[in-house]
Amino acid sequence: YRLSLAKKSRDTVSERNLFEKLLEFNRRQAAEALALPLEEALNPIQRMQIHLLAVSLANIGDRQRMDGDPDCISMFEEAASLFERIDRKVERADLACSIGSAFRDVPVIRNLERAAESYQSSLSLRASTDHIGQAESLRELGKVSHLRFNEAERLGEPKETCLMHANEALRL
């Protein structure tokens, strides 16, 4: 409840503090499950504890990304590894998109190649029936190609390079 109030009032400091408290709580709750060997089967409660921890990490990563904090990558990567452990492909695909957006939008770590790789990873994780998720991944790949075109044009790169990026954006 307090978290939703902080979000609504755009109190990012309180929101971040509450996210971190929730993360600490979820870490404690999942500690026993995380201590188990990877090959050992998890019961439904352990899976849910790991899921909640991963969601907390992803939420903090999103907040950090919006704040331009490059530490968002480590949050997203830890969340992705937890989702992988409990075999949650949809969430891994969504996190790959978040990682791509961080590499595209956070100035300190901006890397359009890594952004495109993350969006491509997101696309490959999508089920063939997940048309909305596939469209999201393709849209983000198109944005990266458009940004590459703009940068190539701004830097005065050869017309062939600019056309290559423009065609890639149109293809997606």
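> Would you take a moment to explain the overall build of the protein chain for this structure?
Scanning the protein chain for helices and strands turns up eight helices and zero strands. The secondary structure elements of the protein chain, listed N-terminal to C-terminal, are α-α-α-α-α-α-α-α. Viewed in the frame of its principal axes, the protein chain has a C-alpha envelope of about 55 × 40 × 25 Å. Within the protein chain, the fraction of its 172 residues that count as buried is 40%. Summarising the internal contacts of the protein chain: among those between residues at least 6 apart in sequence, 52% fall at separations of at least 24. Accessible area for the protein chain stands at about 10,200 Å²; split by element, carbon and sulfur atoms hold 54% of it. For the protein chain, the separation between the mean place of its 25 positive charges and that of its 28 negative charges on side chains is 4 Å.

> Any chance you could explain the pattern of salt bridges here in plain terms?
When the charged atoms of two side chains with opposite charge come close together, those side chains can pair. Counted under the stated rule, the structure contains 15 salt bridges. Taking the shortest distance from any N to any O, the salt bridge between Arg-16 and Asp-67 comes out at 3.6 Å. Within this pair, whereas Arg-16 is found in helix H2 (residues 12-35), its partner Asp-67 is found in the loop between helix H3 (44-66) and helix H4 (72-85), the two being separated by 51 residues in sequence. In this structure Arg-16 comes out as partly exposed when scored by relative accessible area, which is 22%. Between Arg-63 and Asp-67 there is a salt bridge, and its shortest N-O distance comes to 3.0 Å.

> What is the right way to read unusual backbone geometry from this model?
Most peptide bonds take the trans configuration, and most residues that are not glycine carry a negative phi. Despite not being glycine, Asp-87 shows a phi value in the positive range, around 55°. Under the relative-accessibility criterion, Asp-87 is labelled exposed at 58%.

> For this particular structure, what's the right way to read the nonpolar core?
Here is a general trend for soluble globular proteins: nonpolar side chains tend to be buried in one another's company. In this structure, Ile-50, Leu-57, Ile-73, Leu-95 and Ala-102 are the most contacted members of the largest nonpolar core, which totals 35 residues. Sorting the residues of this core by element identifies H2, H3, H4, helix H5 (89-105), helix H6 (112-125) and helix H7 (131-154) as the ones contributing at least two each. A per-element tally of this core places H4 first, with eight residues. Setting aside its immediate chain neighbours within four residues, Leu-57 contacts Leu-23, Arg-27, Met-75, Glu-78, Ala-79 and Leu-82.

> Can you help me understand the layout of surface pockets in this one?
Estimates place the volume of the largest pocket at around 150 Å³. What lines the largest pocket is simply Ala-80, Glu-84, Arg-92, Leu-95, Ala-96, Ile-99, Ser-118, Ser-121 and Leu-125. Considering every element that reaches the lining of the largest pocket, the biggest residue donor is H5, with four residues. Among the residues making up the lining of the largest pocket, the classes are represented as five nonpolar, two polar and two charged.

> For this particular structure, what's the right way to read the side chain of Ser-118?
Note that Ser-118 resides in helix H6. In contact with Ser-118, other than residues within four places in its own chain, are Ala-96, Ile-99, Gly-100 and Phe-103.

> Just to check I follow, could you spell out helix H8 (residues 159-171) for this structure?
Since the α-helix turns once every 3.6 residues, residues separated by three or four places project in the same direction. Its 13 residues give H8 an end-to-end C-alpha distance of 18 Å, which sits within 8% of 18 Å, the value for a rise of 1.5 Å per residue. What H8 keeps buried is the set Cys-162, His-165 and Ala-166. The arc that holds the buried residues of H8, viewed along the axis, is 100°, so those residues lie on one side. Turned more than 90 degrees away from the buried face of H8, the exposed residues are Glu-160, Leu-163, Met-164 and Arg-171. Looking at the packing, one finds that the buried side of H8 touches H7.

The rules behind the values
Residues numbered from 1 in each chain as written. Predicted model: local features only at pLDDT ≥ 70, side-chain atom pairs only at ≥ 80, totals over all residues. Heavy atoms only, no water. Helix = DSSP H or I, 4+ residues; strand = E, 2+ residues; numbered from the N terminus. Buried < 20%, exposed > 50% of the residue type's maximum accessible area, 1.4 Å probe, protein only. Contact = heavy atoms within 4.5 Å. Areas by Shrake-Rupley, 256 points an atom, 1.4 Å probe, with all protein chains shown as cover. Lys, Arg positive; Asp, Glu negative; His and termini not counted. Charge placed at Lys NZ, Arg CZ, Asp CG, Glu CD. Salt bridge = Lys/Arg side-chain N within 4 Å of Asp/Glu carboxyl O. Core = buried A, V, L, I, M, F, W, Y, C linked by side-chain atoms within 4.5 Å. 1 Å grid on protein atoms, 1.4 Å probe; cavity = no way out; pocket = protein on both sides within 12 Å on 5 of 7 lines; lining within 4 Å. Points joined across faces, edges and corners; volume = space filled by probe spheres on them. Nonpolar A, V, L, I, M, F, W, Y, C, P; charged D, E, K, R; others polar. Expected span 1.5 Å × (residues − 1). Arc of directions from axis to C-beta.

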